[in-house]
Amino acid sequence: HKEYRRQRQMCIRDRDGYGLSSMMYTLFFSMNAVGTLIVGLLNTRLVQVFPERSLLFTSLLSISAGSVVILTLSLLWDALPMGVFTVVVLLTTCTNPIVMSTTSTLGLSRHKRAAGMASAVMGTLQFAVAGAVAPLVTLSGQASPLSMSTVMVGSALLALAGALLYLSLIHI
């Protein structure tokens, strides 16, 4: 997660990327943090009303759709204001708490006797995948809006496919 955030910061702050100053990036990052916090708190209510499977798919579909919009914006960047990009990124990334908590709950519910070990394995895999994916942003030589959004789309679609496969295998 840290490496991905560093790469995202590079392509958002870099003058060849979206060109935000340090102050504007701080504001951008803070807005993302607040959005993530609000959705995380909202999730505690949502799980009481909606099935976890529905929350997971809705969140993954939202992230996938948002990532495609970010990719599209990256291709058309010169004609679009930063405010539009900021809102789309915020709406895309702030649903992560729903995905993270729901996948943890679903995964741990299958391994109640070894919940500690299952949690450790899941956490390790999350960081390993993030560490493996983050360098993909700079495969073209530097972090760019296009490379970041391409990795976001690929990651979101793989996460959606993985969730579909997992849930179909365990028949939840």
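Residue positions are given per chain, counted from 1 along the sequence in the order it is written. Only residues with pLDDT of at least 70 are given local features in this predicted model, and only at 80 or more are side-chain atom pairs given and counted; all residues enter the totals for whole chains, interfaces and linings. Note that the side-chain values use all heavy atoms of the structure and ignore hydrogens as well as water.

S.K.: Sorry, what's going on with helix α6 (residues 115–133) here?
M.R.: Numbering of helices and strands runs from the N terminus; a helix is a DSSP stretch of H or I covering at least four residues, while a strand is a stretch of E covering at least two. The length a helix should cover is 1.5 Å for every residue beyond the first. Its 19 residues place the ends of α6 27 Å apart at the C-alpha level, agreeing with the 27 Å of an ideal helix rising 1.5 Å per residue. Burial in α6 covers these residues: Ala118, Met122 and Ala130. Burial along α6 is one-sided: seen end-on, the buried residues are contained in an arc of 100°. The exposed residues of α6 that point more than 90 degrees off its buried face are Gly116, Met117, Thr124 and Ala132. For the exposure calls, accessible area comes from a 1.4 Å probe over protein chains only, and a residue counts as buried if that area is under 20% of its type's maximum, exposed if over 50%, partly exposed in between. Directions drawn from the helix axis to the C-beta atoms are what define this arc.

S.K.: Is there a simple way to think about the nonpolar core in this case?
M.R.: Soluble globular proteins: nonpolar side chains tend toward being buried together. By convention a nonpolar core is built from buried Ala, Val, Leu, Ile, Met, Phe, Trp, Tyr and Cys residues, the set being connected through side-chain atoms within 4.5 Å. One finds Tyr25, Phe28, Ile70, Leu73, Trp77, Phe85, Val88, Val89, Val137, Met148, Val151 and Met152 forming the largest nonpolar core, which totals twelve residues. Of all elements in the fold, only α2 (22–49), α3 (52–75), α4 (82–93) and α7 (145–170) reach the threshold of two or more residues within this core. Core analysis: the next-biggest nonpolar cluster, separate from the first, contains ten residues, Leu56, Val99, Leu160 and Leu167 among them.

S.K.: Just checking my understanding: could you explain the packing of α3 against helix α5 (residues 96–109) for this structure?
M.R.: Geometry of a packed helix pair, given as the angle between the helix axes and the separation of the axes. It is at 9 Å that the axes of α3 and α5 come closest, and there the two elements cross at 140°. Classed by the angle they form, the pair α3 and α5 counts as oblique. Note on packing geometry: the crossing formed by α3 with α5 is left-handed. Across the interface between the two elements, Glu52, Leu55, Leu56, Ser59, Leu60 and Ile63 from α3 touch Asn96, Ile98, Val99, Thr102, Thr103, Thr105 and Leu106 from α5. Each residue is assigned to one class: nonpolar for Ala, Val, Leu, Ile, Met, Phe, Trp, Tyr, Cys and Pro, charged for Asp, Glu, Lys and Arg, and polar for all the others, Gly among them. Its residues assigned to classes, the contact of α3 with α5 comprises seven nonpolar, five polar and one charged. Angular values range over 0 to 180 degrees, each being the angle between N-to-C directions of two axes fitted as lines to C-alpha atoms, with helices fitted over their stretch in contact. Put simply, angles under 35 degrees are roughly parallel, angles over 145 are roughly antiparallel, angles from 65 to 115 are roughly perpendicular, and the rest are oblique. We call a crossing left-handed when the near helix sits turned anticlockwise from the far one by less than a right angle, and right-handed when that turn is clockwise. By the convention used here, residues are in contact when the closest approach between their heavy atoms is within 4.5 Å.

S.K.: So what exactly am I meant to see when it comes to the environment of valine 69 here?
M.R.: In this structure, valine 69 sits in helix α3. Each C-alpha atom of the pair valine 69 and valine 89 lies 9.1 Å from the other, and the pair is 20 residues apart in sequence.

S.K.: Would you take a moment to explain a nonpolar patch on the surface for this structure?
M.R.: The patch calculation keeps residues exceeding 30% relative accessible area without a salt bridge and links them within 9 Å when they carry like charges or within 5 Å when they are nonpolar (Val, Leu, Ile, Met, Phe, Trp, Tyr). What sets the accessible areas is the Shrake-Rupley method with a 1.4 Å probe; for residues, cover comes only from the shown protein chains. Salt bridge, as used here: a side-chain nitrogen of Lys or Arg that lies within 4 Å of a carboxyl oxygen of Asp or Glu. Residues Met24, Leu27 and Met31 make up a contiguous nonpolar surface patch of roughly 260 Å² in combined accessible area. In this structure, methionine 24 sits in helix α2.

S.K.: When you look at the side chain of serine 149 in this model, what are you seeing that I'm missing?
M.R.: Residue position: serine 149 is located in helix α7. Beyond its immediate chain neighbours, meaning those up to four positions away, serine 149 contacts Ser67, Ile70, Leu71 and Ser74.

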